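Chain by chain, the residues run as shown.
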Amino acid sequence: MNLIKSALLGARNCLCASSRQQRLAQLASTGEVPCSVAFYHRVADTVANGWTMSTQQFREHIDYFQSRMTIVDLAEVQWRVREGHSVDQSMSITFDDGYADNMDYAIPLLIERDIPCTYFVTTQNVINGKPFPHDRDAGQPLQPNTVAQIREMSDAGIEIGCHTRRHIDFSNVHSIEHVRSEIIEAKDELEQMIGRPVHYFAFPFGLPAQLTQAAIEIVHEAGFAGFCSAFGAYNHIGNDWFHIRRFHGDPEFERLVNWCTYDTAKARTEPRVQYFLPPAKSFEQTQAMMPSMPVPHITTFGSFHA
Ligand SMILES: [Zn+2]
């Protein structure tokens with residue numbers, strides 16, 4: 001984004017600040033402050049690209065979140081959405097793919113500050129040490145994390161999540177066995193890797209086109225407590241809690257602030273994603289995955305909002 005656009009958005013954020021604060025105060029009074037979940041990929045000061053941000057930018061984001069919001073894990077996001085009890089602004093931090101460079105700054109910073117984070121891993125790249133398909137295609141063979149690094153993160157309290165075996169685009173997969181392999185086998189591989197259960201799944205690319213009925217059903221059948229999309233949306237209170245909506249941890253600070261202060265225009269234009277989950281079994285499975293969480297209110301269709 002160029003400087004003029006950034007300055008204009010900054011000015012707009014300033015002008016909107018008091019009306020947005022009023023709106024958020026109103027939502028807080030009824031426990032309906034939408035939950036924010038940001039996704040990141042790679043934090044590094046080398047090889048800049050569309051999915052990399054600098055260490056300084058990342059620190060500014062974390063400083064901003066810590067000064068203005070309550071940083072929570074994904075289980076609390078689901079709890080707030082489900083229970084209708086969200087009285088302040090919250091942020092949950094996630095990473096996708098599994099880049100080795102994140103071990104140099106981002107992950108140590110989060111661990112040092114005791115900040116919860118869910119780190120979604122594409123298993124085969126970590127196991128084989130080969131670059132992700134999108135980096136290979138871009139001619140930038142960046143290094144994925146190693147198995148030892150994923151274990152180290154998990155041992156340090158970072159929650160490890162599943163991001164398929166081969167960073168698959170489900171909109172192009174037409175074999176149910178292939179879908180199962182990318183979800184169920186990936187979960188098994190990851191759980192063996194870290195010696196702990198894996199609770200969350202994030203769809204590669206994460207647009208509505210990738211959130212297929214077949215894949216969501218298998219995510220559910222596999223016993224995941226929820227799945228993440230990445231098309232840019234808030235988690236509205238009382239909405240479908242199995243689908244966790246995320247927005248980009250945008251390196252352009254004013255755009256991040258715009259998201260974090262609740263842009264109702266964005267909320268109004270969020271895409272609708274609908275799916276069906278088999279009833280009954282889903283309730284028991286989810287309960288088994290989250291024994292410490294309160295009893296959820298199950299809906300059989302997902303993702304509704306005004
Ligand atoms: Zn990804």
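Before going into details, it helps to say that this report is about the structure given with it. The residue count restarts for each chain, going from 1 along the sequence in the order it is written. Only residues with pLDDT of 70 or above have their local features reported here, since the model is predicted, and side-chain atom pairs are shown and tallied only from 80 upward, although totals for entire chains, interfaces and linings are computed over all residues. Each side-chain value is worked out from all heavy atoms of the structure, with water and hydrogens disregarded.

### As for the overall build of the protein
- The helix and strand tally for the protein stands at twelve helices and eleven strands.
- In terms of overall dimensions, the protein has a C-alpha envelope of 50 × 50 × 35 Å along the principal axes.
- Burial classes follow relative accessibility: with a 1.4 Å probe on protein chains only, a residue under 20% of its type's maximum area counts as buried, one over 50% as exposed, and anything between as partly exposed. Taken over 306 residues, the protein has a buried fraction of 55%.
- Pairs of residues are marked as contacts when any of their non-hydrogen atoms sit within 4.5 Å. The contacts of the protein with a sequence gap of at least 6 include a subset with a gap of at least 24, amounting to 72%. Runs of H or I in DSSP of at least four residues are treated as helices and runs of E of at least two as strands, each being numbered from the N terminus.

### Examining the packing of aromatic side chains
- Each Phe, Tyr or Trp ring (for Trp, its six-membered ring) is paired with any other whose centre lies within 6.5 Å, and the angle between the two planes then decides the class: stacked below 30 degrees, edge-to-face above 60, tilted in between. Under the definition given, this model contains 19 aromatic pairs.
- For the ring pair tyrosine 64 and phenylalanine 65, a centre distance of 6.3 Å and an interplane angle of 70° mean the geometry is edge-to-face. With respect to burial, tyrosine 64 and phenylalanine 65 carry one shared label: buried.
- Where tyrosine 234 meets tyrosine 262, the ring centres are 4.9 Å apart and the plane angle is 80°; that geometry is what we call edge-to-face. In this pair, tyrosine 234 sits in the loop between strand S9 (226-228) and strand S10 (243-244) while tyrosine 262 sits in the loop between helix H10 (253-260) and helix H11 (264-268), placing the two residues 28 residues apart along the sequence.

### Some remarks on the packing of helix H2 (residues 55-68) against H10
- Simply put, an axis is a line fit to the C-alpha atoms, just over the touching stretch for a helix, and the angle between two N-to-C directions goes from 0 to 180 degrees. For the pair H2 and H10, interaxial distance at closest approach is 11 Å and the crossing angle is 25°. Classified by the angle their axes make, H2 and H10 are roughly parallel. Handedness of the H2/H10 crossing: right-handed. Contact residues: Glu60, His61, Tyr64 and Phe65 in H2; Phe253, Leu256, Val257 and Cys260 in H10.
- Looking at the contact of H2 with H10 residue by residue, the class counts come to six nonpolar, one polar and one charged. For classification, angles of less than 35 degrees are called roughly parallel, those exceeding 145 degrees roughly antiparallel, those between 65 and 115 degrees roughly perpendicular, and all remaining angles oblique. The sense of a crossing depends on the near helix, which, turned anticlockwise from the far helix by less than a right angle, makes the crossing left-handed and, turned clockwise, makes it right-handed. Asp, Glu, Lys and Arg are counted as charged, while Ala, Val, Leu, Ile, Met, Phe, Trp, Tyr, Cys and Pro are counted as nonpolar; the rest, among them Gly, fall into the polar class.

### Overview of the coordination of the zinc ion
- Coordination of the zinc ion by the protein is provided by Asp97 (OD), His163 (NE2) and His167 (NE2), with metal-donor distances spanning 2.0 to 2.2 Å.
- Only nitrogen, oxygen and sulfur atoms qualify as donors, provided they sit within 2.8 Å of the metal or within 3.2 Å for Na, K and Ca; with water excluded from the atoms, sites may seem incomplete. The sequence pattern formed by the donor residues of the zinc ion is D-x65-H-x3-H.
- On the accessibility criterion, histidine 163 (1% relative accessible area) is buried.
- We classify histidine 167 as buried; its relative accessible area is 8%.

### Considering the environment of glutamine 274
- One can find glutamine 274 in the loop between H11 and helix H12 (281-289).
- Residue classification places glutamine 274 among the partly exposed residues on the basis of a relative accessible area of 48%.
- C-alpha of glutamine 274 to C-alpha of histidine 243: the two residues are 31 residues apart in sequence and 10.0 Å apart in space.

### Focus: unusual backbone geometry
- Backbone geometry places valine 47, a non-glycine residue, at a positive phi of 45°.
- Its location among the elements puts valine 47 in the loop between strand S2 (42-43) and strand S3 (52-53).
- Even without a glycine there, the phi angle at aspartate 114 is positive, about 60°.
- Residue placement: aspartate 114 occurs in the loop between helix H4 (106-112) and strand S6 (117-121).

### A short note on H10
- Of all the positions in H10, only Leu256, Val257, Asn258, Trp259 and Cys260 are classed as buried.
- At the exit of H10 stands tyrosine 262, carrying a positive phi of roughly 65°.

### Let's talk about the pairing of strand S5 (residues 90-95)
- For S5, the tally of buried residues reaches six of six residues, placing the bulk of the element in the interior.
- The side-chain alternation of S5 yields two buried faces, one formed by Ser90, Ser92 and Thr94 and the other by Met91, Ile93 and Phe95.
- At least two DSSP bridges between two strands are required for those strands to pair. With six bridges joining them, strand S1 (residues 35-40) and S5 adopt parallel strand pairing. Each bridged residue has a counterpart across the sheet, and for tyrosine 40 the counterpart in S5 is phenylalanine 95.
- The sheet contact formed by strand S4 (residues 70-71) and S5 spans two bridges and is parallel.

### Details of the nonpolar core
- For this analysis, a nonpolar core means a set of buried residues of the types Ala, Val, Leu, Ile, Met, Phe, Trp, Tyr and Cys, connected via side-chain atoms within 4.5 Å. By size, the foremost hydrophobic cluster in this structure holds 80 residues, and its most contacted members are Phe58, Phe65, Ile93, Phe95 and Ile183.
- Looking at this core, the element that brings in the most residues is helix H8 (residues 176-194), giving six residues.
- Those residues within four positions of isoleucine 183 in sequence are excluded, and the remaining contacts are Cys162, Phe170, Phe201, Ala215, Ile218, Val219, Ala222 and Phe224.

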